Amino acid sequence: MKKILFFSLIAFLFLIFLNKNKFKPIFYNLKKSYLSHKFSSCYKNTNSISKEKIIFVAGHTYGHPEDNNRSTYPKFISYLNEKNIKSEKIILAGDIVQKTNLKNLSTVKKELNNFFNNIYVAPGNHDVKLGSTDERKVFLQVFKKNFNSFLYKDNLFFILDTTINPGNITEDQLKLIKNELSKNKKLNSIFIITHHVIWENYVKQNVQSAVKKNFFLNNNFGQLKKILLTHKNYKSIIFIAGDVSVTNKTTKLFCEKNENFYYLMTGMGSKNFDNYLKISISEQGKSVSIVPVFF
């Protein structure tokens, strides 16, 4: 009996190998379901939200490196058109163009203005390179700011630049965070959106972003976290990074909870596991839902 089961298993696996292209869609859908379930088990959306405010967060929106996209990932644009997306805000978590120039950046802005009223960018290394560069000046011509913040119903969003001092949050950005926290004494959620996964070495689970782990050695994430912890009246602090999902080797979707801190990753470019996050905030701002969307 054991021999029959063994050879049946071998035959079944051999059949899958011979027809692997037919089985791929099934595998991808199963993995997407698994990743979504794992995410929702980490960030639990307990309350239904009516009259919601929807904010998109999308990482690595130029897509796959080998496709030579000049602006936004065509697959993402097609999805937005197909679903007739109309939303107030989108936060781009870096690498919005493969190559920075005025035309490419302007095209991104024009494309996404068809779907969103406000575009915020946490620039990536493809957008501005690393350090003080001419590309950063071009980026600022189009998007005006390389870091920013906004408040919606007691939910405070920081869109930060981790490319000036690579992997770090610069002093002027830390000052912005301190000032905004001092002005807003009671908050529901605090969001920190970056391109680089600056907290990669601070989580328990293994994650793989698009850079080597030593990129974040001696970065100042600990200092950032300390500043955030000085603000006592908040429900949760949510970090979101977008330097993922680019290839089959990197993490596709991630969520880890540590006390009131959430660490999330989202991105596109792998083609099979492209995803973004949809953040829904209730009219009064007390309920926040975060759902990953594969497309």
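Definitions and cut-offs
Residues numbered from 1 in each chain as written. Predicted model: local features only at pLDDT ≥ 70, side-chain atom pairs only at ≥ 80, totals over all residues. Heavy atoms only, no water. Helix = DSSP H or I, 4+ residues; strand = E, 2+ residues; numbered from the N terminus. Rg over C-alpha atoms; globule rule 2.2 N^0.38 Å. Buried < 20%, exposed > 50% of the residue type's maximum accessible area, 1.4 Å probe, protein only. Contact = heavy atoms within 4.5 Å. Lys, Arg positive; Asp, Glu negative; His and termini not counted. Charge placed at Lys NZ, Arg CZ, Asp CG, Glu CD. Pairing = 2+ DSSP bridges. Axes fitted to C-alpha atoms, helices over the stretch in contact; angles between N-to-C directions. Core = buried A, V, L, I, M, F, W, Y, C linked by side-chain atoms within 4.5 Å. Phe/Tyr/Trp six-rings, centres within 6.5 Å; stacked < 30°, edge-to-face > 60°. Lys NZ or Arg CZ within 6 Å of the ring centre and 35° of its normal. Parallel < 35°, antiparallel > 145°, perpendicular 65-115°, else oblique. Left-handed = near helix turned anticlockwise from the far one by under 90°. Nonpolar A, V, L, I, M, F, W, Y, C, P; charged D, E, K, R; others polar. pLDDT = per-residue confidence, 0-100.

With that settled, consider the overall build of the protein. In terms of regular secondary structure, the protein is built from eight helices and eleven strands. Rg of the C-alpha trace for the protein: 20 Å, near the compact-globule value of 19 Å for 295 residues, within the 12% margin. With respect to the three principal axes, the spread of C-alpha positions in the protein is 70 × 45 × 45 Å. The proportion of buried residues among the 295 residues of the protein is 53%. Long-range pairs, those at least 24 residues apart, make up 73% of the contacts in the protein with a sequence separation of at least 6. Looking at charge distribution, the protein has the averaged site of its 44 positive side-chain charges lying 5 Å from that of its 21 negative ones.

One open sheet accounts for six strands, arranged β4-β5-β6-β7-β9-β8; its pairing is mixed. Of all strands in the sheet, those with a lone pairing partner are β4 (148-152) and β8 (253-258), marking the two edges. Neighbouring strand axes in the sheet, compared pairwise and without regard to direction, differ in orientation by 15° on average. By the bridge criterion, five bridges tie strand β7 (residues 236-241) to strand β9 (residues 261-266) in an arrangement that is parallel. Bridge assignment links Ile-237 to a residue of β9, and that residue is Phe-261. Running at roughly 170° to strand β5 (residues 155-159), helix α7 (residues 171-183) makes contact with β4, β5 and β6 (189-194) of the sheet.

Counting residues in hydrophobic clusters, the biggest one holds 32 residues, and the most contacted among them are Ile-190, Trp-199, Leu-224, Leu-228 and Phe-239. When contributions to this core are tallied by element, the ones reaching two or more residues are β5, α7, β6, α8 (221-229), β7 and β9. Non-local contacts of Ile-190, meaning those with residues more than four positions away in its chain, are made with Leu-156, Phe-158, Leu-181, Leu-228, Tyr-234, Ser-236, Ile-237 and Ile-238. Counting residues in each nonpolar core, the second largest holds 30 residues, with Ile-55, Ala-93, Tyr-152 and Ile-238 among its members.

Our focus in this paragraph is the packing of aromatic side chains. The description of two aromatic rings rests on the distance between their centres and on the angle between their planes. Under the definition given, this model contains 24 aromatic pairs. For the pair Trp-199 and Phe-254, a centre-to-centre distance of 5.9 Å together with 25° between the ring planes defines the contact as stacked. Of this pair, Trp-199 sits in the loop between β6 and α8 while Phe-254 sits in strand β8; the two residues are 55 residues apart in sequence, bridging distant segments of the chain. Consider the rings of Phe-215 and Phe-216, whose centres lie 5.1 Å apart with planes at 80°: the pair is edge-to-face. Assessed through its relative accessible area of 21%, Phe-215 is described here as partly exposed. On the basis of relative accessibility, which here comes to 2%, the residue Phe-216 falls in the buried class. An aromatic cluster of at least three residues, connected via ring pairs, comprises Phe-56, Phe-76, Tyr-79, Phe-115, Phe-116, Tyr-276 and Phe-295. The positively charged end of Lys-89 is found above the aromatic ring belonging to Phe-150, 4.8 Å away from the centroid. The cationic tip of Lys-225 hangs over the ring face of Phe-261; the distance from NZ or CZ to the ring centre is 4.8 Å.

Right, let's talk about the packing of α7 against α8 for a bit. Contact pair α7 / α8: the axes reach a minimum separation of 10 Å and the direction vectors enclose 15°. The pairing of α7 with α8 is recorded here as roughly parallel in orientation. α7 and α8 meet at a crossing whose hand is right-handed. Each of Glu-171, Leu-174, Ile-177, Lys-178 and Leu-181 in α7 lies in contact with α8, whose residues at this interface are Gln-223, Leu-224, Ile-227 and Leu-228. Taken together, the residues of the contact of α7 with α8 break down into six nonpolar, one polar and two charged.

Looking now at the confidence of the model for the protein. Across the protein, the average pLDDT comes to 90, with 90% of residues at 70 or higher. Confidence, read as mean pLDDT per element, is least for helix α1 (residues 2-18) in the protein (57) and greatest for helix α4 (residues 102-112) (98).

Counting buried positions over the six residues of β9 gives six, a clear majority of the element. The alternating pattern of β9 places Phe-261, Tyr-263 and Met-265 and Tyr-262, Leu-264 and Thr-266 on opposite faces, both of which are buried. With six bridges connecting them, β8 and β9 associate as antiparallel partners. Bridge pairing links Lys-257 to Tyr-262 in β9. Counted along the chain from β8 to the antiparallel partner β9, the turn is two residues long, and its residue Glu-259 has a positive phi close to 60°.

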